[in-house]
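Take a look at the letters that make up each chain.
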Amino acid sequence: HFYKRKMSVAGTGKFMSKKVSKVRWMPMSSTSQPTSTTLATGSWDDESNSVVVWGGAGLGGEARQLGSAEHPGDVTGLVWLSQELLAASSSSGSLVLYRVGGMAVAQDWPQLHKAGGGGCTALACHGESLATGGQDGKINVLVSTQRSPVKVYEKGDSCSITALAYTRTSELVSSNMRGQMKTWDLRSNSQTPVTTSSQGAGVTCLARHPTQSHILVAGGGDGVLAVWDLRSPSHPTTLLSAHKAALSEVQFHPTQPDHLFTCSQGGDICHWNGASIRRGGGPLDSFNQMDNMNTTSPWLSSEAVKHKVETHSLVAKQPLPVNSLDVVGHSVVFGGDNEAFYVLHNVIF
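A brief report on the enclosed structure follows. All values reported here derive from a predicted model rather than from experimental measurement.

### Quick look at the overall build of the protein chain
The secondary structure content of the protein chain amounts to three helices and 28 strands. The C-alpha radius of gyration of the protein chain comes to 19 Å, within 12% of the 20 Å expected for a compact globule of 349 residues. Seen through its C-alpha atoms, the protein chain measures out along the principal axes to roughly 60 × 50 × 40 Å. Looking at the 349 residues of the protein chain, the share that counts as buried comes to 56%. Contacts spanning at least 24 positions in sequence make up 49% of the contacts within the protein chain whose residues lie at least 6 apart. Across the protein chain, the centroid of the 27 positively charged side chains sits 3 Å from that of the 26 negatively charged ones.

Encoded structure:
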């Protein structure tokens with residue numbers, strides 16, 4: 001029952017002969033810079049995997065390789081700490097911080113998690129802080145300049161941790177394959193979570209709203225997208241049937257968070273336009289609600305989201321899984337098991 005519309009997006013693809021596990025735009029240096037043209041990719045399921053930085057991926061340009069580093073194991077997480085530093089986690093249980101110029105190793109943490117089975121399965125950052133989660137259920141909190149973790153939750157979970165998100169400097173949310181989400185207070189010495197919530201199917205990915213840190217979206221192995229208000233974490237505010245297959249990643253647009261993007265193991269890439277919810281319409285008794293929504297986020301108004309959000313596929317369904325996507329300015333990048341990544345421009349008009 002979602003309204004679908006077609007649109008013209010310009011795009012270019014880059015074949016890289018390794019399956020793509022992660023794609024991430026380099027963060028912009030200032031708000032005056034309209035978009036980023038540099039991105040990083042990580043690969044998986046190869047004898048030798050790599051982290052590659054690409055430049056020139058702007059409108060009308062073709063991405064060219066700026067630097068590359070061999071990476072032990074599959075790249076399971078990729079985050080930019082700054083324009084110079086890029087962190088990559090691995091199925092071998094390690095985390096490596098690369099200095100982008102020559103892709104030299106600035107810092108590495110070789111055995112944060114047990115190798116085998118999955119190693120390090122989740123990675124998040126907030127400023128200088130990094131957090132990793134593993135198949136072993138352990139959570140490490142690190143600072144980029146220190147070798148030993150600042151904090152370790154040895155038994156963060158009894159099953160594999162699937163995703164992590166910082167909601168603020170001192171608060172971390174972890175998700176697991178049983179569909180549970182746990183909130184951790186990093187200032188406390190307690191080894192137990194502050195809250196535990198559940199959304200049914202296993203959680204595969206998390207994204208935090210860029211300006212309202214209490215809003216978190218969680219993608220499920222059942223293709224359902226849950227919107228959470230962490231101020232009342234007993235149950236999700238909204239559940240949306242996003243995809244027919246497991247969600248790979250969900251991303252808010254960093255400066256226009258009424259726009260949300262998802263990709264799936266079924267090969268879909270979707271753009272969710274929450275701005276259409278703000279435009280409103282409907283019976284008079286909803287006006288107060290609309291007023292209220294100008295200050296809150298449209299993603300928290302559960303009925304309106306279900307009936308008014310515009311969603312459309314950015315590209316035709318891909319024959320193989322799409323594992324990762326990222327958005328900055330007017331540009332989306334996505335990549336997956338067809339050993340290529342694609343950059344789409346003019347995604348938001």
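On we go from here.
### Quick notes on the environment of serine 36
Tracing the sequence through the fold places serine 36 in the loop between β2 (19-25) and β3 (39-44). Along the chain, serine 36 and lysine 22 lie 14 residues apart, while their C-alpha atoms are 17 Å from each other. When residues no more than four places from it in sequence are discounted, the contact partners of serine 36 are Trp25, Met26, Met28 and Val328. Polar side-chain contacts of serine 36 include one of 2.9 Å to the backbone oxygen of methionine 26. A polar contact is formed between the side chain of serine 36 and the backbone oxygen of threonine 38, at a distance of 3.2 Å.

### Some words on the pattern of salt bridges
Using the criterion set out here, one finds 10 salt bridges in the structure. For aspartate 229, the salt bridge goes to arginine 231, with nearest N and O atoms at 2.9 Å. By relative accessible area, which is 10% here, aspartate 229 ends up buried. What emerges from the salt-bridge pattern is a single network uniting Lys22, Arg24 and Glu249.

### A few points about the packing of aromatic side chains
Here the structure, examined in full by the defined rule, presents three aromatic pairs. Here the aromatic rings of phenylalanine 334 and tyrosine 342 are separated by 5.2 Å at their centres, their planes lie at 25°, and the arrangement is stacked. Accessibility expressed as a relative area gives 27% for tyrosine 342, which makes it partly exposed.

### Some points on the nonpolar core
Note that soluble globular proteins tend to have their nonpolar side chains buried in a common cluster. Among the nonpolar cores identified, the biggest contains 20 residues, and Val217, Leu225, Val250, Phe252, Leu260, Trp272 and Trp299 are the most heavily contacted of them. Counting residues per element, the ones that place at least two in this core are β18 (203-208), β19 (215-220), β20 (224-229), β22 (247-252), β24 (269-273) and α3 (302-308). Among the elements that make up this core, the one with the highest residue count is β22 (three residues). Excluding residues that lie within four positions of it along the chain, valine 217 makes contacts with Cys205, Leu206, Ala207, Ala226, Val227, Val250, Phe252 and Leu260. In this structure, Ala40, Ala88, Val100 and Met103 belong to the second largest nonpolar core, which totals 14 residues.

### Things to note about the pairing of strand β12 (residues 139-143)
Buried residues dominate β12, accounting for five of its five residues. Burial along β12 is two-sided: the face carrying Ile139, Val141 and Val143 and the face carrying Asn140 and Leu142 are both buried. In this antiparallel pair of consecutive strands, strand β11 (residues 129-134) and β12, the connection spans four residues, and glycine 137 shows a positive phi of 80°. Here β12 pairs with strand β13 (residues 151-153) via three bridges, running antiparallel. Across the sheet, valine 141 pairs through a bridge with lysine 151, a residue of β13.

### Describing the sheet that holds strand β10 (residues 120-126)
In space, the four strands of this open sheet follow the order β10-β11-β12-β13, with antiparallel pairing throughout. Only two strands of the sheet have a single neighbouring strand rather than two, namely β10 and β13. Averaged over neighbouring strand pairs, the angle between their axes works out to 15° when direction is ignored.

### What to know about unusual backbone geometry
Even without being glycine, serine 17 reaches a positive phi, approximately 55°. The topology assignment puts serine 17 in the loop between β1 (10-15) and β2. Classification of serine 17 as partly exposed rests on a relative accessible area of 45%. The residue aspartate 45 is not glycine, and still its phi comes out positive at about 60°. Given the relative accessible area of 43%, aspartate 45 is considered partly exposed.

### Concerning the pairing of β11
The element β11 is largely enclosed, with a buried count of six among its six residues. Covered by surrounding structure in β11 are Ser129, Ala131 and Gly133 together with Leu130, Thr132 and Gly134, the residues of both alternating faces. Taken together, the six bridges between β10 and β11 define a ladder with antiparallel strand orientation. Looking at the pairing, cysteine 125 lines up with leucine 130 of β11. Linking β10 back to β11 in an antiparallel pair, the connection comprises two residues, with glycine 127 at a positive phi of about 65°. Bridging between β11 and β12 involves five bridges; their strand directions are antiparallel. Its bridge partner lying in β12, glycine 133 is registered against isoleucine 139.

Thresholds, definitions, all that
Residues numbered from 1 in each chain as written. Predicted model: local features only at pLDDT ≥ 70, side-chain atom pairs only at ≥ 80, totals over all residues. Heavy atoms only, no water. Helix = DSSP H or I, 4+ residues; strand = E, 2+ residues; numbered from the N terminus. Rg over C-alpha atoms; globule rule 2.2 N^0.38 Å. Buried < 20%, exposed > 50% of the residue type's maximum accessible area, 1.4 Å probe, protein only. Contact = heavy atoms within 4.5 Å. Lys, Arg positive; Asp, Glu negative; His and termini not counted. Charge placed at Lys NZ, Arg CZ, Asp CG, Glu CD. Polar contact = N/O pair within 3.5 Å; in protein donor to acceptor, adjacent residues only side chain to side chain. Salt bridge = Lys/Arg side-chain N within 4 Å of Asp/Glu carboxyl O. Phe/Tyr/Trp six-rings, centres within 6.5 Å; stacked < 30°, edge-to-face > 60°. Core = buried A, V, L, I, M, F, W, Y, C linked by side-chain atoms within 4.5 Å. Pairing = 2+ DSSP bridges. Axes fitted to C-alpha atoms, helices over the stretch in contact; angles between N-to-C directions.

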